[in-house]
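Examining the three-dimensional arrangement
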Amino acid sequence: MNVFKSRYLPKRKNKFVVLQEYASQNYFLLFTLFMLVLFYRLVYHMPILWTGVIGIALLIIISNFIAIVNMKRKPVMIGFEGPSFFIMSVHDLVFNRDVETFPIPYANARFKNGQLTITYFDKILELKQEDWPDWEHIKINFM
């Protein structure tokens with residue numbers, strides 16, 4: 001079995017740490033917007049206690065939800081086992097999910113301008129050459 005890893009492969013396997021790495025950008029954006037809402041309420045002498053408590057809870061829930069969606073969309077491993085292949089996302093890897101294997105001919109792999117487009121099952125993935133150190137091996141296996 002040949003397994004090729006992306007440069008986006010998480011260095012840590014701790015579920016909480018990886019999730020928070022993906023949620024950190026969302027925290028920054030949503031927290032900035034939330035602070036503007038609180039500032040507005042302060043300027044007009046409105047109470048901010050419950051707005052703050054509910055807002056922080058929503059901010060954490062929304063940020064983590066977006067992080068999980070992004071983790072599911074980011075492929076980090078491609079494996080070839082005989083006549084079939086599998087693709088693992090960050091979510092699959094960190095949470096130890098089983099992945100399906102698909103026959104290589106079903107991938108309908110197309111190479112164009114340093115980019116690989118794979119169409120399989122109900123998914124369309126576009127992989128860039130700069131994200132995969134073993135690009136030539138991946139290309140050979142899909143041909």
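Before reading further, recall that the structure is shown in the block above.
The present account deals with the structure reproduced in this document. All figures in this text were calculated on a predicted structure; none of them were measured in a lab. (Residues numbered from 1 in each chain as written. Predicted model: local features only at pLDDT ≥ 70, side-chain atom pairs only at ≥ 80, totals over all residues. Heavy atoms only, no water.)

1. Re the packing of helix 1 (residues 15–43) against helix 2 (residues 49–73)
Counted only if it meets this: Axis geometry follows a simple rule: fit a line to the C-alpha atoms, using only the stretch in contact for helices, then measure angles between N-to-C directions, giving values from 0 to 180 degrees. Under the DSSP-based scheme used, a helix requires at least four consecutive residues in state H or I and a strand at least two consecutive residues in state E, with every element numbered from the N terminus. With respect to orientation, any angle under 35 degrees is reported as roughly parallel, any angle over 145 as roughly antiparallel, any angle of 65 to 115 as roughly perpendicular, and every other angle as oblique. For a crossing to be left-handed, the near helix must be turned anticlockwise from the far one by less than a right angle; the clockwise case is right-handed. Under the scheme applied, nonpolar residues are Ala, Val, Leu, Ile, Met, Phe, Trp, Tyr, Cys and Pro; charged residues are Asp, Glu, Lys and Arg; polar residues are all the others, including Gly.
Close contact between helix 1 and helix 2 brings their axes to 8 Å; oriented N to C, the two are set at 150°. Comparing their axes, helix 2 and helix 1 come out roughly antiparallel. As helix 1 packs across helix 2, the resulting crossing turns out to be right-handed. Looking at the contact of helix 1 with helix 2 residue by residue, the classes come out as 17 nonpolar, 8 polar and 1 charged.

2. Describing the sheet that holds strand 1 (residues 2–5)
To be explicit about the condition: For two strands to pair, DSSP has to find at least two bridges joining them. Residue contacts follow a heavy-atom distance rule, with two residues in contact if any of their heavy atoms lie within 4.5 Å.
Read from one edge to the other, the open sheet built from 4 strands follows the order 1-2-3-4, with strand pairing classed as antiparallel. Looking at which strands have only one partner, the edges of the open sheet turn out to be strand 1 and strand 4 (102–103). As paired elements, strand 2 (residues 75–81) and strand 3 (residues 84–89) share 6 bridges and run antiparallel to each other. Note on strand 3: the bridge partner recorded for M77 is M88. Running at roughly 45° to strand 2, helix 4 (residues 135–142) makes contact with strand 1, strand 2 and strand 3 of the sheet.

3. Observations concerning the nonpolar core
Here is a general trend for soluble globular proteins: nonpolar side chains tend to be buried in one another's company. For clarity, the cut-off: Only buried Ala, Val, Leu, Ile, Met, Phe, Trp, Tyr and Cys residues count toward a nonpolar core, and they belong to the same one when joined by side-chain atoms within 4.5 Å. Exposure classes here rest on a 1.4 Å probe applied to the protein chains alone. A residue is buried below 20% of its type maximum, exposed above 50%, and partly exposed in between.
Counting residues in each nonpolar core, the largest one holds 17 residues, and the members touching the most others are I78, F85, I118 and F142. Of all the secondary-structure elements, those providing two or more residues to this core are strand 2, strand 3, strand 6 (115–120), strand 7 (123–128) and helix 4. Sequence-distant contacts of F142, that is, excluding residues within four places in its chain, are made with I78, F80, F85, I104, A107, A109, F111, L116 and I118. By size, the runner-up hydrophobic cluster in this structure holds 12 residues, among which are L19, A23, M88 and V90.

4. Quick word on helix 2
Note the cut-off: The length a helix should cover is 1.5 Å for every residue beyond the first.
For helix 2, which comprises 25 residues, the first-to-last C-alpha distance of 36 Å matches the rise-based estimate of 36 Å (1.5 Å per residue) to within 8%. Considered for burial, the residues of helix 2 that qualify are G52, G55, L59, S63, N64, A67 and M71. In this structure, the buried side of helix 2 is in contact with helix 1, strand 3 and helix 3 (90–94).

5. Some remarks on the sheet that holds strand 5 (residues 110–112)
Read from one edge of the open sheet, 3 strands run 5-6-7, paired in antiparallel fashion. Each edge of the sheet is formed by a strand with only one pairing partner; in this case those strands are strand 5 and strand 7. Taking the axes of each pair of neighbouring strands and ignoring which way they run, one obtains an average angle of 20° across the sheet. Pairing of strand 5 with strand 6 involves 3 bridges; the strand directions are antiparallel. Along strand 6, the bridge assignment pairs F111 with L116. In the packing of helix 4 onto the sheet, the strands contacted are strand 5, strand 6 and strand 7, and the crossing angle to strand 6 comes to about 40°.

6. Observations concerning unusual backbone geometry
Here H45, not a glycine, exhibits a phi torsion of approximately 55°, which is positive. Residue placement: H45 occurs in the loop between helix 1 and helix 2. Residue H45 is classed as exposed on the basis of its relative accessible area of 74%. For N96, which is not glycine, the phi dihedral falls at a positive 50°.

7. Remarks on helix 1
Keep this limit in mind: Bending is quantified residue by residue as the angle between axes fitted to the seven-residue window ending at that residue and the seven-residue window starting at it. Each polar contact in these results corresponds to two N or O atoms within 3.5 Å; when the atoms are within protein, one needs to be able to donate a hydrogen and the other to accept it, and residues that are neighboring in sequence are counted only if both atoms are side-chain atoms.
Look at helix 1: 40 Å from first C-alpha to last across 29 residues, which is about the 42 Å you get at 1.5 Å a residue. Bending of helix 1 peaks at approximately 45° at the position of A23. The set of residues buried in helix 1 consists of V18, L19, Q20, A23, N26, F34 and L38. Its buried side turned inward, helix 1 meets helix 2 and helix 3. The N-capping residue of helix 1, defined by a side-chain oxygen 3.0 Å from the backbone nitrogen of F16, is N14. A positive backbone phi angle near 55° is found at H45, which sits one or two residues after helix 1.

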